[in-house]
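# Coordinates in review
Okay, here's what each chain looks like letter by letter:
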Amino acid sequence: MAAPASAPADSRSRPAVRDVVFVDGVRTPFGKAGSKGIYAETRADDLVVKVIRELLRRHPELPPERIDEVGIAATTQIGDQGLTIGRSAALLAGLPKSVPGFAIDRMCAGAMTAVTTISSGIAFGAYDVAIAGGVEHMGNHPMGEGVDPNPRYVSDKIVDPTALIMGSTAENLHDRFPTLTKERTDAYAALSQQRYDEALQAGKITPDLVPVSTRSAEQGWGLATTDEPPRPGTTTEALAGLKTPFRPHGRVTPGNAAGLNDGATGCLLADADTAAELGLPVGMRLVGYAFAGVEPEVMGVGPVPATEKALERAGLSIDDIGLFEINEAFAVQVLAFLEHFGIADDDPRVNPWGGAIACGHPLASSGVRLMTQLSRHFAEHPEVRYGITTMCIGFGMGGTVIWENPNYNAGGEQ
């Protein structure tokens with residue numbers, strides 16, 4: 001008896017899993033959110049257009065029609081961050097109309113999720129080359145704009161009410177881990193500012209930035225070429241005197257947390273064979289990734305189980321990791337990760353060029369900033385084989401991606 005037409009295809013027809021590579025990443029300078037920020041009168045979708053066009057400009061060897069997908073994340077998907085921004089920005093950037101696109105949201109890990117989602121498609125064979133990234137214009141769209149949390153979250157005791165306020169979740173981390181003192185978070189924040197400024201002065205930050213034309217009714221036309229949030233010369237003494245907005249006598253301040261920011265990021269991803277065919281450079285190779293959930297009221301601890309999960313699935317341990325790019329939503333969240341894994345607060349492998357406390361954290365865009373910087377570190381450190389990008393995620397999650405250095409010198413040890 002013949003098999004029905006709808007029978008599953010023979011397993012031999014299933015595509016083999018392919019190697020996924022991170023080709024290159026860029027970002028706009030990050031601005032301060034608000035009426036006085038550099039992007040106060042700039043549209044979010046235009047920021048995405050800038051990064052897409054810059055990726056194509058830097059890689060003329062990539063025919064635009066070979067791009068199979070554009071995935072762009074935004075946490076608040078309304079206004080100039082709505083209208084399926086991956087597709088709309090692709091059209092605005094001049095990509096062929098045959099190139100599809102989508103929008104995605106996982107709050108702070110939006111761009112990270114755009115990368116992992118598209119990478120899965122590349123590994124499966126659905127795409128050969130794609131663009132992933134994220135944008136957040138927190139000046140135009142403050143976090144939570146238009147959101148209507150179901151009252152059952154609180155009435156049914158599903159979450160603690162502080163879970164809805166990110167700063168309060170950071171205070172909760174201090175409560176849960178008394179060894180994570182304000183003095184330690186202030187010291188970490190000052191170090192982030194110092195490392196960022198040293199990297200900037202050494203010429204390591206600017207090459208990743210796409211200049212953006214800006215307009216202001218008061219000042220006319222301008223050009224954004226540098227990050228707006230950094231505060232060079234920050235000291236622990238100055239940080240000690242800042243107010244604690246989330247709790248009287250608290251420990252979280254504007255100095256030991258990332259600010260409210262505007263900006264966009266984007267990267268090129270490909271399968272290894274297509275990258276070789278087109279002559280695309282390889283910044284790093286994807287090893288694996290994982291997302292994990294935690295109690296929403298202590299969302300900052302999310303990178304810990306996500307990293308443990310990713311390492312276990314990859315057959316690696318934390319000792320195999322030679323470089324860490326950890327998003328600095330709050331200093332206490334970074335320290336919770338470091339303390340769990342027995343890593344020193346000032347370990348030089350962690351955020352060597354500073355982090356979001358210095359340069360800013362435009363929510364859904366930050367994941368690709370971490371990846372772009374890790375790929376740059378890999379180029380400078382052939383003795384390091386593996387690195388991770390990791391971040392906490394609002395409402396109680398963490399995400400971690402493990403990457404391998406294509407420049408790794410197999411004859412040496414970390």
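Residues numbered from 1 in each chain as written. Predicted model: local features only at pLDDT ≥ 70, side-chain atom pairs only at ≥ 80, totals over all residues. Heavy atoms only, no water.

## Regarding the overall build of the chain
Note the following rule: Labels follow the DSSP assignment, with helices taken as runs of H or I lasting at least four residues and strands as runs of E lasting at least two, numbered in each case from the N terminus. Only protein chains enter the area calculation, which uses a 1.4 Å probe; residues under 20% of their type maximum are buried, those over 50% are exposed, and those in between are partly exposed. The criterion used for residue contact is that any of the two residues' heavy atoms lie within 4.5 Å. Surface accessibility in these figures is a Shrake-Rupley result with a 1.4 Å probe; residues are shielded only by whichever protein chains are displayed. Under the convention used here, Asp and Glu are negative, Lys and Arg are positive, and both His and the chain ends fall outside the count. Note that the charge is assigned to NZ on lysines, CZ on arginines, CG on aspartates and CD on glutamates.
In terms of helices and strands, the chain carries 12 helices and 12 strands. Put simply, the chain has 414 residues, and 55% of those count as buried. Long-range pairs, those at least 24 residues apart, make up 80% of the contacts in the chain with a sequence separation of at least 6. By element, 54% of the accessible surface of the chain is carried by carbon and sulfur atoms, the whole surface being about 17,300 Å². With 34 positive and 50 negative side-chain charges, the chain shows a spacing of 3 Å between the two charge centroids.

## Digging into the packing of helix H3 (residues 110-124) against helix H12 (residues 366-380)
Heads up, the condition is: Helix axes are fitted only over the stretch in contact, all axes being lines through C-alpha atoms; the angle between N-to-C directions runs from 0 to 180 degrees. Angle categories are assigned with fixed cut-offs, so that under 35 degrees is roughly parallel, over 145 is roughly antiparallel, 65 to 115 is roughly perpendicular, and the rest are oblique.
Packing of H3 against H12 leaves a shortest axis separation of 5 Å and a crossing angle of 70 degrees. Looking at the two axes, H3 sits roughly perpendicular to H12. Residues Ala111, Met112 and Val115 of H3 form the contact with H12, whose participating residues are Gly367, Val368 and Met371.

## With respect to the packing of aromatic side chains
Note the cut-off: Within 6.5 Å between ring centres, the rings of Phe, Tyr and Trp (the latter by its six-membered ring) count as paired, and their orientation is classed by plane angle as stacked under 30 degrees, edge-to-face over 60, tilted in between.
Across all of its chains, the model carries five aromatic pairs by this definition. A centroid spacing of 6.2 Å and a plane angle of 65 degrees characterise the contact between Tyr289 and Phe291, whose relative ring orientation is edge-to-face. For Phe291, a relative accessible area of 15% gives the class buried. Between Phe337 and Phe341, the ring centres sit 4.8 Å apart and the planes meet at 55 degrees, which makes this aromatic pair tilted. Judged by relative accessible area, which is 16%, Phe341 ranks as buried. Through a chain of ring-to-ring contacts, three or more aromatic side chains come together here, namely Phe324, Phe337 and Phe341.

## Topic: the nonpolar core
For clarity, the cut-off: The nonpolar core is taken to be a set of buried Ala, Val, Leu, Ile, Met, Phe, Trp, Tyr and Cys residues, with the residues joined through side-chain atoms within 4.5 Å.
Counting 40 residues, the largest nonpolar core has Phe324, Phe330, Phe337 and Leu338 as its most contacted members. For this core, the secondary structure elements donating two or more residues are helix H5 (166-176), helix H6 (182-201), helix H9 (303-314), strand E10 (321-326), helix H10 (331-340) and strand E11 (386-393). Considering every element that reaches this core, the biggest residue donor is H10, with seven residues. Excluding residues that lie within four positions of it along the chain, Phe330 makes contacts with Met166, Gly167, Ala170, Val252, Asn256, Ala257 and Met299.

## Re the pattern of salt bridges
For clarity, the threshold we go by: Definition used for salt bridges: Asp or Glu carboxyl oxygen within 4 Å of a side-chain nitrogen of Lys or Arg.
According to the stated counting rule, one finds 23 salt bridges in the structure shown. Here Asp175 makes a salt bridge to Arg247, at a shortest N to O gap of 3.0 Å. Of the two residues, Asp175 sits in helix H5 while Arg247 sits in the loop between helix H7 (236-240) and strand E8 (261-271), which places them 72 residues apart along the sequence. With a closest N to O distance of 2.8 Å, Arg385 and Glu404 form a salt bridge. Residue Arg385 is found in the loop between H12 and E11, and its partner Glu404 is found in strand E12 (residues 397-404); the two are separated by 19 residues along the sequence. According to the relative accessible area criterion, Arg385 is partly exposed, its value standing at 32%. Taking the relative accessible area as the measure of exposure, Glu404 reaches 12% and is therefore buried. A cluster of three or more residues bridged by salt bridges with shared partners is formed by Asp19, Arg285, Arg385 and Glu404.

## Concerning the packing of H9 against H10
Worth spelling out the cut-off: Note on residue categories: nonpolar means Ala, Val, Leu, Ile, Met, Phe, Trp, Tyr, Cys or Pro, charged means Asp, Glu, Lys or Arg, and polar means any other residue, Gly included.
Orientation of H9 relative to H10, taken along the N-to-C sense of each, is 45 degrees, at an axis distance of 9 Å. One way to sum up the angle between H9 and H10 is to call them oblique. Packed against H9, whose contacting residues are Pro303, Val304, Thr307 and Glu308, the element H10 presents Ala336, Phe337 and His340 at the interface. Of the residues that constitute the contact of H9 with H10, the class distribution is four nonpolar, two polar and one charged.

## Brief notes about the pairing of strand E4 (residues 101-104)
In plain terms, the rule: Between any two strands, pairing holds if DSSP finds at least two bridges. Convention used here: a crossover is right-handed provided that the path from the first strand, over the helix, to the second strand proceeds clockwise when the strands point away from the viewer.
Sheet analysis places strand E3 (residues 70-73) next to E4, joined by four bridges and oriented parallel. For Ala73, the partnering residue across the bridge sits in E4 and is Ile104. Running through helix H2 (residues 85-92), the crossover from E3 to the neighbouring parallel element E4 is right-handed.

## Some remarks on helix H1 (residues 44-58)
Residues that lie three or four places apart on an α-helix share one face, since the helix turns once every 3.6 residues. We apply this condition: Multiplying 1.5 Å by the helix residue count minus one yields the expected span of that helix.
Helix length check: H1 (15 residues) gives 22 Å between terminal C-alpha atoms against 21 Å at 1.5 Å per residue, within 8%. Looking only at H1, the buried set comprises Ala44, Asp45, Leu47, Val48, Val49, Val51, Ile52, Glu54, Leu55 and Leu56. On its buried side, H1 packs onto strand E1 (20-27), E3, H2, strand E5 (129-137), strand E6 (212-216) and E8.

## Concerning the side chain of Ser366
Convention followed: Polar contact is defined as a pair of N or O atoms within 3.5 Å, subject to the rule that within protein one atom must be able to donate a hydrogen and the other to accept it, and that residues adjacent in sequence are counted only when both atoms are side-chain atoms.
With respect to the helices, strands and loops of the structure, Ser366 is situated in helix H12. Among the residues examined, Ser366 registers a relative accessible area of 0% and is labelled buried. Reaching out from Ser366, the side chain makes a polar contact with the side chain of His361 at a distance of 2.6 Å. Excluding its chain neighbours within four sequence positions, the residues that come into contact with Ser366 are Asn327, His361 and Met391.

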